[in-house]
Each structure stands twice: as structure tokens, then as C-alpha cells.
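Residues per chain are reported as follows:
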Amino acid sequence: MKIFLNKTVATFILLLAINFVHSQEVLSRVSVSGNSFVKEDGKIAVFRGLNTSDPDKLERQQLWNKSYFEEMKHWGANLVRFPVHPTAWKKRGKEAYLKLLDDGIQWAGELGMYVVIDWHSIGNLRTEMYQHDMYDTDKKQTFDFWRTIGKKYGKNTTVAFYELFNEPTTYNNELGTITWEQWKELNKEMIGILRTNGGEGIPLVAGFNWAYDLTPVKESPLDVEGIAYVSHPYPQKREKPWEEKWTKDWGFVKDKYPVILTEIGFCGPEDPGAHSPVVSDESYGDAITNYSDEKGISYVVWVFDKEWAPRLYIDEKYTPSRHGKYFKKKLQSYKY
């Protein structure tokens, strides 16, 4: 007996089959080899991705769902970064927040995107003083966060990276002082807690000046294996031409260690939320992506939200902003 399916039904069945296969896939563990990220087959992995806004914010706006992740995948992301604000973590509560992360990690993995979990504070962890109340944390909460993440997601290969502290800064010493050696010890403590509690992903260590400056790494890198370094080279951190200054400030690190730019992006001066250090134009987009591609440096664009700046889209239909148009086209141009 022959059974004839109309085109719509056949397409539906095919999509179900594809989704089932994707849901069964497990992403390859990413690790560090020399100055590169590599997958289990030994192939070098370079990531170009998107930052979500805080999962707590998105869930309250009923936007933390799989369609949001499908849109990021459509834009060309192979990595997504979750900025977890300490105050949101505390207010929602550990177990409720972990449910948000559970869902986001599952959706990302099903779509073939890796995850960075980012402890999104800005300030001085040594003095426990911060740029704004929303970033308030202390060493106990920070260490316990990474203990929790290590235990919960340590063997989850979708969770490729642990960004230990978003943007270290003394705010011109208004937040007290911290030396590079003191910062190294705090990071080594966090890495030790993560790994002792099962964390098999890659710890990411940021430099000073709001995670821009990695110059101390030249003389005094962390004596820890399997880590990578972070910079946030927003356009106004240096004046044009940027490339030589980037190499001096953070790009040189890629000669020996993996580097990932976990925040890049720009606003036009007329765009909503435009502020220092992000005001620029498409020339910055060309410069930072070309520089990164030439050196095999991974990057993550800030931010896949219609309110936080520099915003990548402007409405519920994910209509790209000026900044979004540039990076959507760029991310979609890569072939993996």
C-alpha cells in the first residue's frame, strides 16, 4: 500500500526528525592547546557570538525562550554569553536562577552554540567596592557562585567557559586599590574552587581598566594551565588607528595564550544609550573583526537586547539596529 504525504506534512516530519537529532547531540568539549581553543578532534575552534542580557531580565520580560536562542543562531552565533548580575542572582535565589541557566544551556546546546557563564560585576573584588549597586558582591558570594557552577555544570560540554569576573576596575582608585599580583591570587582562588568542584570548562581571566588592559600578562602571567585571557576593547578605549595600540595593550597575549573578546560593539552618537567608551561607527566594526580574524581571536558582541546599549535589535521582531546590521551580516559571513 502506498501512502502519499502532502508537502506540508512531509516538511513537518522532516523538521521533527532534525530537531530530534539536534536534541540528542552533545557538543565536543573545548579545551586549551597552546594559544588556541581546540575541540576533542584536535581542530582549532574560533568563536563569534552574542551576549544575551541578564537571563533574569529576559525571563521577567517573557523573552527567555528557545525562539530567542533560535534568533541568535540565525544571526550566525556559535557562542552565547550569559551575564549573571550578582544582585539578580541573590534576589531571584540560587535554585530559581539555576533553572534559568538550565533552560538557556539546553537551548544553546540543542542549536549547536556553546555558552560562557559570566559573573557580571564591575569594580574591585579585593575591596568589595563597585561601580553601581547592581554589581555588589563579595568574595564569599563570588566564590560560592563558582563552587555552584562547577558542581552543576562542570561536566556539561555546552558550558565551555567560566568568565570569573566581568570588568575589574578601581574606577581611578575611587574603589580602592588592587595590584596585579593580588588580582592573580583572587583568580587562582576562583579557578581552584571551580576545578575542585568539578569544573572542566575554561576559566577566563580579565585585565584591569574595565577588562581592557592585559599588559601585566607580559611579565607576570597566571601560573595556571588551561585558561584564557579576556579583553573588552570598546572603540573609545584608544584613538584611531587602533591596531598597533591593541597589540600593545592585549593582542600580544595571543602569541602565547588564547584570547577572547567577550564584549565588543559600537553605538552611533545619536543611538539610544550611547555612552563612553562605545561611541563609534562601522569603521570600528571592520577594524576589530579584521584584527581578530587575522589573529584567530574569538569575540562576543554586546548585546542581544532591544534596551541595553549598544543594542543589537530595536523591537520584538528582532529588527537590527545600526550596530546590529553590521554584526548580523558579519557573523553570517563565517563558514564553520
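Below is a summary of the structure that appears in this document. (Residues numbered from 1 in each chain as written. Predicted model: local features only at pLDDT ≥ 70, side-chain atom pairs only at ≥ 80, totals over all residues. Heavy atoms only, no water.)

### Considerations on unusual backbone geometry
Here's step 1: In this chain, S276 is followed by P277 through a cis amide linkage whose omega measures 15°.
Here's step 2: Mapped onto the elements of the fold, P277 is located in the loop between β13 (259–264) and α10 (282–295).
Here's step 3: For the bond running from A309 to P310, omega is -5°, close enough to zero to count as cis.
Here's step 4: Positive phi is not limited to glycine here, since Q62 has a value of about 60°.
Here's step 5: Judged by relative accessible area, Q62 falls into the exposed class, the value being 70%.
Here's step 6: Positive phi, normally seen in glycine, also occurs at Y318, with a value near 60°. (Helix = DSSP H or I, 4+ residues; strand = E, 2+ residues; numbered from the N terminus. Buried < 20%, exposed > 50% of the residue type's maximum accessible area, 1.4 Å probe, protein only.)

### Observations regarding the pattern of salt bridges
Here's step 1: Applying the stated criterion to the full structure yields 26 salt bridges.
Here's step 2: One salt bridge connects R29 with E200, and the closest N-O pair in it is separated by 3.8 Å. Highlighted residues: R29 in the loop between α1 (7–24) and β1 (31–33) and E200 in the loop between α7 (180–196) and β11 (202–206), separated in sequence by 171 residues.
Here's step 3: Owing to a relative accessible area of 12%, R29 belongs among the buried residues under this scheme.
Here's step 4: The residue E59 makes a salt bridge to R92 at a minimum N-O spacing of 2.7 Å. With E59 in helix α2 (residues 55–60) and R92 in helix α4 (residues 86–92), this pair connects stretches of sequence that are 33 residues apart.
Here's step 5: For E59, a relative accessible area of 33% puts it in the partly exposed group.
Here's step 6: Residue R92 is classed as partly exposed on the basis of its relative accessible area, which comes to 24%.
Here's step 7: Through salt bridges with shared partners, one network takes in K57, D305, K306, E307 and E316. (Salt bridge = Lys/Arg side-chain N within 4 Å of Asp/Glu carboxyl O.)

### A short note on the pairing of strand β4 (residues 48–52)
The side chains of a regular strand alternate between both faces of the sheet.
Here's step 1: For β4, the buried fraction is high: five of the five residues fall into the buried class.
Here's step 2: Here β4 pairs with strand β14 (residues 298–304) via four bridges, running parallel. By the bridge assignment, R48 is partnered in β14 with Y299.
Here's step 3: As defined by bridge partners, β4 adjoins strand β5 (residues 79–84) across two bridges and the pair is classed as parallel. For L50, the partnering residue across the bridge sits in β5 and is V80. (Pairing = 2+ DSSP bridges.)

### Thoughts on helix α11 (residues 322–332)
Here's step 1: The complete set of buried residues in α11 reads H323, G324, Y326, F327, K328, K330 and L331.
Here's step 2: Elements that come into contact with the buried residues of α11 comprise β4, α3 (66–74), β13, α10 and β14. (Contact = heavy atoms within 4.5 Å.)

### Description of the sheet that holds strand β12 (residues 228–230)
Here's step 1: The strand order around the closed barrel built from eight strands is β4-β5-β6-β9-β11-β12-β13-β14, with neighbouring strands paired in parallel fashion. Strand-to-strand twist across the sheet, computed as the mean angle between neighbouring axes with direction ignored, equals 25°.
Here's step 2: Taken together, the two bridges between β12 and β13 define a ladder with parallel strand orientation. Within the sheet, the bridge partner assigned to V230 lies in β13 and is I260.
Here's step 3: Along the sheet face, helix α6 (residues 139–153) touches β5, β6 (114–119) and β9 (159–163) and points at about 160° away from the line of β6.
Here's step 4: Against the sheet, α7 makes contact with β9 and β11, and its axis sits at roughly 160° relative to β11, the strand it touches most. (Axes fitted to C-alpha atoms, helices over the stretch in contact; angles between N-to-C directions.)

### Some words on α6
Here's step 1: Taking 1.5 Å of rise per residue, 15 residues should cover 21 Å, and α6 covers 21 Å from first to last C-alpha, within 8% of that figure.
Here's step 2: Contact partners of the buried residues in α6: β5, α4, α5 (94–110), β6, β9 and α7.
Here's step 3: Backbone nitrogen of K140 and a side-chain oxygen of the N-cap are separated by 3.3 Å at the start of α6; the cap is D138. (Expected span 1.5 Å × (residues − 1). Polar contact = N/O pair within 3.5 Å; in protein donor to acceptor, adjacent residues only side chain to side chain.)

Any functional reading would require information beyond the geometric quantities listed.
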